[in-house]
Structures are given as C-alpha cells and as structure tokens.
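Now for the letters of each chain:
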Amino acid sequence: MAMPERNVVEAINNALTEEMERDPRVMLLGLDVGRLGGVFRTTSGLIEKYGASRVVDTPLAEASIIGASLGLAVSGMVPVAEIQFLGFTAQAFHQIGPQLGKYRHRSRGRYHAQVTIRAPFGGGIRSPEFHSDAVEAQFVQSPGIKVVMPSNPYDAKGMLLEAIRDPDPVLFCEPDRLYRLYRMEVPDGDYTVPFGKAVVAREGKDVTLVAWSAAVELCQRAAAKLAEEDIEASIVDLRTLVPLDVETLVNAVAATGRCVIVHEAPLSAGFGAEVAATLAEEAFYDLDAPIARVASWDIPFPPASMEHWYLPSVDRVVEAAKRTAAA
Amino acid sequence: MAASTSTDTNVEVLRRMMLIRAFDSLLPDLYTRGLIRGSSHAAIGQEAVAVGACAALAADDYITSTHRGHGHTIAKGGDVNRMMAELMGREDGYCRGKGGSMHIADFSIGMLGANGIVGGGFGIAAGAALSARLRKSGQVALCFFGDGAINQSSFHGVANLAGIWKLPLILLCEDNRFAMSGRAEQMIAGGDPVKRAQAYGFPGVSVDGMDVLAVRAAVAEARVRALAGDGPTLVVAACYRFQGHFSGDTQSYRSKEEMAPWLERDPIPAFRSRLLAEGGLTEAEADALEEEVATSIAEALEFAQASPWPEAAEAWEDVDG
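Residues numbered from 1 in each chain as written. Chains lettered and ligands numbered in written order. Predicted model: local features only at pLDDT ≥ 70, side-chain atom pairs only at ≥ 80, totals over all residues. Heavy atoms only, no water.

Visitor: Looking at this structure, how should I read the overall build of chain A?
Guide: A count of helices and strands for chain A gives 12 helices and 14 strands. Against the 2.2 N^0.38 benchmark of 20 Å for 327 residues, chain A shows a C-alpha radius of gyration of 19 Å, consistent with a compact globule. Along the longest, intermediate and shortest principal axes, the C-alpha atoms of chain A span 60 × 50 × 40 Å. Put simply, of all contacts in chain A between residues at least 6 apart along the chain, 82% involve residues at least 24 apart. When the accessible surface of chain A is split by element, carbon and sulfur atoms take 52% of a total near 12300 Å². Both charge centroids of chain A, one from 31 positive and one from 43 negative side chains, sit 4 Å from each other. (Helix = DSSP H or I, 4+ residues; strand = E, 2+ residues; numbered from the N terminus. Rg over C-alpha atoms; globule rule 2.2 N^0.38 Å. Contact = heavy atoms within 4.5 Å. Areas by Shrake-Rupley, 256 points an atom, 1.4 Å probe, with all protein chains shown as cover. Lys, Arg positive; Asp, Glu negative; His and termini not counted. Charge placed at Lys NZ, Arg CZ, Asp CG, Glu CD.)

Shown next as structure tokens:
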C-alpha cells in the first residue's frame, strides 16, 4: 500500500489525532480550536472525536490560555495550546518566557511544564502585522523554551509528537505559508523527529544556505535557480533553534567555506545573528568569504501590498549566494 | 453635534450608516479583483453602534477602534477617499499605505487608531482620557471593543484604572455575539458582560445596538457623566455581525435560522423607515441620499486607484525620529 501523502495542515491534524488517541492526558485549548476546527483547520474533526472537554474552545485571552496551560501541565494534563498567530504571543509573553520557561529551573528540577504552544506564523499569506511577525528569536532569549520550526509536512508531524512528549515547554512554530502548498509522504502511526538535529536538505559544493521553517522552501527555489548558473548550493534546515545543532551547521558550512543565512524575521538580532556568531566562533578558519544574511528589513511588517518586497525573496537569496560564492 | 436630535443630524446619521454599509460591502469585490490584499473585516449590521456612539461625541473627543474599524472611522468623520487609498496600500491613504485596513488613524478627528490585535485599544483610550483630564480639555475618550476583547486582561486592567481614577472614558462594547467562532454566551463568565462594570464601581448600561438613536442617547449620557468627573461608563450595545469574521469565513458556527431575526432588524432600513414615518425624510430625499453615498464610494474608488504606490525607499522612513 502506498504511503499516505499529507500537507502540513493534515500532518499536524494527524499527529494531534494519534497523540490524543495514545495519551488520554493530551488536550487542546485555544480560540476556535474546537467547533470551528481552528482558524487554519489544523484541529478539524478533533472535537467530534475527543469531545469538548479535551478540545477546549477558549475565550479570546492569550495570557489566560498559556497561564492555564501551565496550570494544566503541573497538575497532570498534557496541554497543547494554540495561539492563533505567533505575533499574538505578545499578549501572553509573560506567561511564556518568565513563567512557563522557568518552572523547572526555579524549582531546581522538582517540577516541569509539559506544554506545547502551537502558533502559525510568517509572511507571504497577505496577513498584516501581528499576524505575520516572525518573532521566534524573542523566545530564544527566554531560556527554558524550546523553539521548534518545522519546514515540511513530515517534520511537522514528527516534531509535533516530539514536542507534545517533551517534558518541558515547546514553542512549535507552524509555517502558515506552507500549510497547503504541497503534500509529501507522511506515514500513519508513531514516529518522532528529534530536537537538536539539523538536516542537510540539499547537497551542494559552492555555498551553504542556512534556514528554518518556510525559508527552507524559499532556499530550495533559490538553489534551483543558482543551479542554472552552475552554482551548487547546499541547504541546512536547522529544524530547531533551541536546541541548536552546532555540529551539523558547522560541518555543512565548513564543507563549502561560504554561508548565506536566510530568515523572515527582521535582520538585526534575528536568529541569523546567533548563527553567524556561532560560525565565527566554531568555523572561522574554514570560511572563505564573509557570512551573508538575507532577512526582512528592520521595519515593522508592512501591509499585504508590500510584503513581497519586505520578505526575503528568491532574487535576494540568489544575489547574496552569487556574491558570497564569488568572494 | 453632541446630543442634538435635529432632523438634519438624523439625516446625517442615516447617511453615515449608509456610507459604512456601502464601504464595507465593497470589500469582497475589491479583494477578488486584487485591489486590496489580505484580510479585512466588515462591520455590516453594526453600523448603528459606530454612528450612534460617534453622534454623541464632540468632534475633538477621542476614539480608539478595532480590527473591524472602518465604520468607526467613517462615523467619526473620516474621509472615505483616504480610507480606501489606505486599504489599497496607496500613497494618499491615511497612513500613506503603511497601516492598511486594521491600522487607520486620523488624530485630526480624534481617531487614535484602529488596532489589529484584539484588546489593543484599552490602554490607549485610558491614556487619552487621563490626558484630557490633566489638560482640562473637556474631551472624553471612547474605546470601541468587542465581546471577545472583554475577556482580555487588558480590559480588566484598564477598567480598574478607569474606576479608581474616575477617567472620562466610555467603554463601548460592541457585542456582536461572536469572537470569531466563540459565542459570547459561552465565553463570558457571569452572563451579561454589562455586569462587569459593577465590579469596577461604575455604571454598566445595556442598549439595543440595532437602534442608532438608543446608542446615541446612552453614549450621550455616559459623556455627561464623564465630563462631570463621575468617571467611566460601560455601554454594551447588543448587535450582530451579518457577515463572516473575515471574507473567507465559512461561518460553520452559526445557522441561517439564528441569523434571520437579526437580519430582519437591519439597522439601516429600520432607521430609514423611522425617519420616513416621522416625517423627517421623504422617499425622494432618501433615494437621493443613497445616490449621494454611491457617488462618494465610486469617487473613493477612483481616488484610491489613481493614487500612486509608495516608493520602496519610504519603507525605512518613520521607523524612528
């Protein structure tokens, strides 16, 4: 029998379905997750299957959703909270970094918070600021929170299962631009994708592109275009920012000696800066060219009519890669 | 025009409601034609709340608005040409194309900003109210928000501030029954949201949000209280969102049967009939008003489409001073 193909939405829905079946402690909460099946339909059908006590439609109150998730977790449940867009976590920031992220450390390991926060994010779907903001790096500065950025349907399922089972809080950022872009083989049944394991998504000898989440797909398109000009780019998909797989990153960059980092967040103090600093520390003598970064501009997310221009594009990645390969 | 009930004002009240309806009715078509990009939220069915509330305010009183805010701006006297240009991302838009549908602001009419995040306006309105009192300016601030936002912590923080400081603030809850798919009766503890005012020590007033004059009267009374130094009022206007949360909303969370009685109470034909019955308006005048509104909207479309796109370099302008 052929393996089922799923897009990101279907992969997430499948992961949630299977995990709720496997572990009766797992429950979902968030705005519109129940009756509506989620604003992007990622939780479609789950309230019918598991009932309103395990698929909970909450009031519109992000801080309360996360605060309550912490309480649920420390009292025996395994909550998977949905924040409708990652930018809306601003309303709950105190509950995530300062509260959720610190429980284990503050209690000297006596307690932990097994909470998954799912949040669609990213530009390219013509939603405005707050909805599109790529604020993942803000949470990297909140020790205790794992920051997980799947880039494809297979990883989305495997990393979501890993997240739900992780004893500590995980921010699971879903690339909404890729939600329905394509399907790939995503098996039924149990499998996990471990955190802290980056993957080389494309092999190439001339320049290494480093990305995560939807930017990986962008790099694939850029790499195809570069190949037309006989520049072979490798692509490292970091998969998780916390924990960061330094070894895979360093080896892949050392192999070409040239690195372009691509992300959707604004340039300054984006996670690309951390990647560049890590490479400067760990791979300096392997570099043959300055590290380049392609990111969004250091301005607030613009209205939909201008987002194509604000976000990193194939052309900008190609231009940076050619410049870096030639340096 | 505060507290005026003259026929002229009532005709203007009707005209502004019609203008909001015509403006928001265009959204799906503009989206389909690619003239506006991204989501926007129509306030069709809720025009009486926006216009009734703003009709009770002075020109320099402040309002803060929501993600569903085109109507609030029009009601406060906003220019539909510049609004339309803003929706289309053009240079002549209120924010020169940088704000879009959910972030229109026009301080010249006291409109301190729509807001793309639910509950984003509470603090701004409270600050403006405090400022008005400190400056002894005789202004009030009115915060439009929905039945969803009343569950945000920002509501409770500001309600408490407004209560202890007796701010000249009107908290206007547009209870359109839904926070996207979340039904107000299932999401608001304690039942009627108007009861929340009691906890913070100021009056809560329920009003029929489909009746523009009732809204105007309730807000006028709250304004008198605010200016007398007696503090804030929570006004809960019961209304109904006729369309989906956004243009692509399938609305699986409600039935046609549920919607029917609300649609029958459409505030615009109701007010039009009332003015006709009371002799404040003739059929011919009402028809002329319709035409005037249609012309305004057509002109706004033309204005917006003729407006240039912003230059790319402008993106870096105004990030800081």
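From this point on, the discussion continues.
Visitor: In this structure, what is going on with the pairing of strand 2 (residues 141-146) of chain B? I would like to understand it.
Guide: Side chains on a regular strand alternate between the two faces of the sheet. Residues and elements named next belong to chain B. Within strand 2, 5 of the 6 residues are buried, which leaves the element mostly enclosed by the surrounding structure. Where strand 1 (residues 62-64) and strand 2 come together, 3 bridges link them in parallel fashion. Residue Y62 lies in a different strand from strand 2, and its bridge partner there is A141. Across 6 bridges, the pairing between strand 2 and strand 3 (residues 169-175) is parallel. Of the residues in strand 3, the one forming a bridge with A141 is L169. Tracing the backbone out of strand 2, into helix 7 (residues 153-165) and back to the parallel element strand 3 gives a crossover that is right-handed. (Buried < 20%, exposed > 50% of the residue type's maximum accessible area, 1.4 Å probe, protein only. Pairing = 2+ DSSP bridges. Right-handed = clockwise from strand over helix to strand, strands pointing away.)

Visitor: Would you take a moment to explain the environment of G30 of chain A for this structure?
Guide: All names here are of chain A. The residue G30 is located in strand 2 (residues 26-30) in this model. Look at G30 and you get buried, because its relative accessible area is 0%. Between the alpha carbons of G30 and R118 there is a distance of 9.6 Å; along the sequence they are 88 residues apart. Sequence-distant contacts of G30, defined by excluding residues within four places in its chain, comprise V56, D57, T58, I65 and E82.

Visitor: Looking at this structure, how should I read the side chain of D175 of chain B?
Guide: Residues and elements named next belong to chain B. Residue position: D175 is located in strand 3. Among the polar contacts listed, one links the side chain of D175 to the side chain of R177, at a separation of 2.8 Å. Excluding its chain neighbours within four sequence positions, the residues that come into contact with D175 are D147, A184, P193, V236, A237, A238 and C239. (Polar contact = N/O pair within 3.5 Å; in protein donor to acceptor, adjacent residues only side chain to side chain.)

Visitor: Got a minute to help me understand empty space enclosed by the protein in this structure?
Guide: The method is simple in principle: a probe with the dimensions of a water molecule rolls over the atoms, and the space it marks as empty is what remains. Residues and elements named next belong to chain A. According to the stated counting rule, one finds 4 cavities of 30 Å³ or more in the structure shown. Approximately 220 Å³ is the volume attributed to the largest cavity. Both domain 1 (5-185) and domain 2 (199-326) contribute no fewer than three residues apiece to the lining of the largest cavity. Its boundaries defined by the atoms lining it, the second largest cavity holds a volume of some 70 Å³. (1 Å grid on protein atoms, 1.4 Å probe; cavity = no way out; pocket = protein on both sides within 12 Å on 5 of 7 lines; lining within 4 Å. Points joined across faces, edges and corners; volume = space filled by probe spheres on them. Domains from an automatic or database assignment.)

Visitor: Sorry if this is basic, but what is going on with unusual backbone geometry here?
Guide: Most peptide bonds take the trans configuration, and most residues that are not glycine carry a negative phi. All names here are of chain A. In the segment running from V242 into P243, the intervening peptide bond is cis, with an omega of 0°. Along the polypeptide, P243 turns up in the loop between strand 12 (240-242) and helix 9 (246-256). Residue D230 is not a glycine yet carries a positive backbone phi of 65°. Following the sequence through the fold, D230 ends up in the loop between helix 8 (214-228) and strand 11 (233-237). On the basis of relative accessibility, which here comes to 67%, the residue D230 falls in the exposed class.

Visitor: Can you help me understand the pattern of salt bridges in this one?
Guide: Evaluation of the coordinates by the stated rule reveals 38 salt bridges over all chains. A salt bridge links K225 of chain A to D315 of chain A, with the shortest nitrogen-to-oxygen separation between them at 3.1 Å. A residue pair is termed long-range when its members are at least 10 positions apart, and K225 of chain A in helix 8 and D315 of chain A in helix 12 (residues 314-326) qualify at 90 residues. The class for K225 of chain A is partly exposed, based on a relative accessible area of 34%. The salt bridge partner of D208 of chain B is R265 of chain B, with a shortest N-O separation of 2.5 Å. Of the two residues, D208 of chain B is situated in strand 6 (residues 204-208) and R265 of chain B in the loop between helix 11 (256-264) and helix 12 (267-278); the sequence distance between them amounts to 57 residues. For D208 of chain B, a relative accessible area of 29% gives the class partly exposed. (Salt bridge = Lys/Arg side-chain N within 4 Å of Asp/Glu carboxyl O.)

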